[in-house]
Amino acid sequence: MAHAAAASPPSLHRARVFWEQSQQDLKTAKRQQRAGAFLDGRYFSLQAALNALSAVCHLQGHFQLPNASVLMLLALCRDADPRFALLNQACTALEEAALQNPFVPGTDQGNGKAAGRDNLNHSEAVIKAVRGYLKDNRKRYFAP
């Protein structure tokens with residue numbers, strides 16, 4: 001596990017903002033899923049994962065982040081902790097979902113609830129890994 005130099009106060013602040021936003025996005029994704037707004041829920045699930053991984057990237061000293069690719073963010077996080085290598089399947093599924101256009105004629109809208117639930121599960125796996133990383137490093141960074 002590679003340890004970066006201590007994060008600067010601005011980096012810590014940015015990371016905390018991204019972490020807190022990921023928590024809000026996850027709550028919104030769950031709310032949208034319960035309300036039947038599955039497409040919106042999928043979007044917020046993706047945003048929650050992007051923001052959580054962005055928090056880790058900022059703590060590792062990365063500042064120019066790929067803001068639309070959860071796989072690219074995951075690649076930046078892999079050096080921080082081995083647990084991030086286990087997220088490849090979840091991040092691949094989130095990335096594939098982001099590339100699907102639900103407005104194309106012939107797209108099956110019947111699986112919206114299941115797809116929304118899958119995205120939520122993948123996002124929760126990412127959030128869980130980031131939370132574990134933050135808990136393990138709370139003395140260096142902050143407690144989640």
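Located above this text is the structure these notes cover.
Conventions adopted
- Residues numbered from 1 in each chain as written.
- Predicted model: local features only at pLDDT ≥ 70, side-chain atom pairs only at ≥ 80, totals over all residues.
- Heavy atoms only, no water.
- Phe/Tyr/Trp six-rings, centres within 6.5 Å; stacked < 30°, edge-to-face > 60°.
- Salt bridge = Lys/Arg side-chain N within 4 Å of Asp/Glu carboxyl O.
- Helix = DSSP H or I, 4+ residues; strand = E, 2+ residues; numbered from the N terminus.
- Buried < 20%, exposed > 50% of the residue type's maximum accessible area, 1.4 Å probe, protein only.

### Focus: the packing of aromatic side chains
Per the stated rule, a full pass over the model turns up 3 aromatic pairs. Considering the side-chain rings of Tyr43 and Phe44, the 5.3 Å spacing of their centres and the 75 degrees angle between planes classify their relative orientation as edge-to-face. An aromatic cluster is present here, built from Phe84, Tyr133 and Tyr141 joined pairwise through their rings.

### Quick notes on the pattern of salt bridges
Once their charged atoms are close, side chains differing in charge can pair, the charge on each being opposite to the other. Enumeration according to the criterion identifies 4 salt bridges in this entry. Salt-bridge contacts for Glu124 lead to Lys30; the nearest nitrogen and oxygen are separated by 3.4 Å. Residue Glu124 is located in helix H5 (residues 112-136), and its partner Lys30 is located in helix H1 (residues 9-35); the two are separated by 94 residues in the primary sequence. Under the relative-accessibility criterion, Glu124 is labelled partly exposed at 24%. With a relative accessible area of 32%, Lys30 lands in the partly exposed category. Asp81 is the partner of Arg83 in a salt bridge, and the nearest nitrogen-oxygen pair spans 2.8 Å. Residue Asp81 is classed as buried on the basis of its relative accessible area of 6%.

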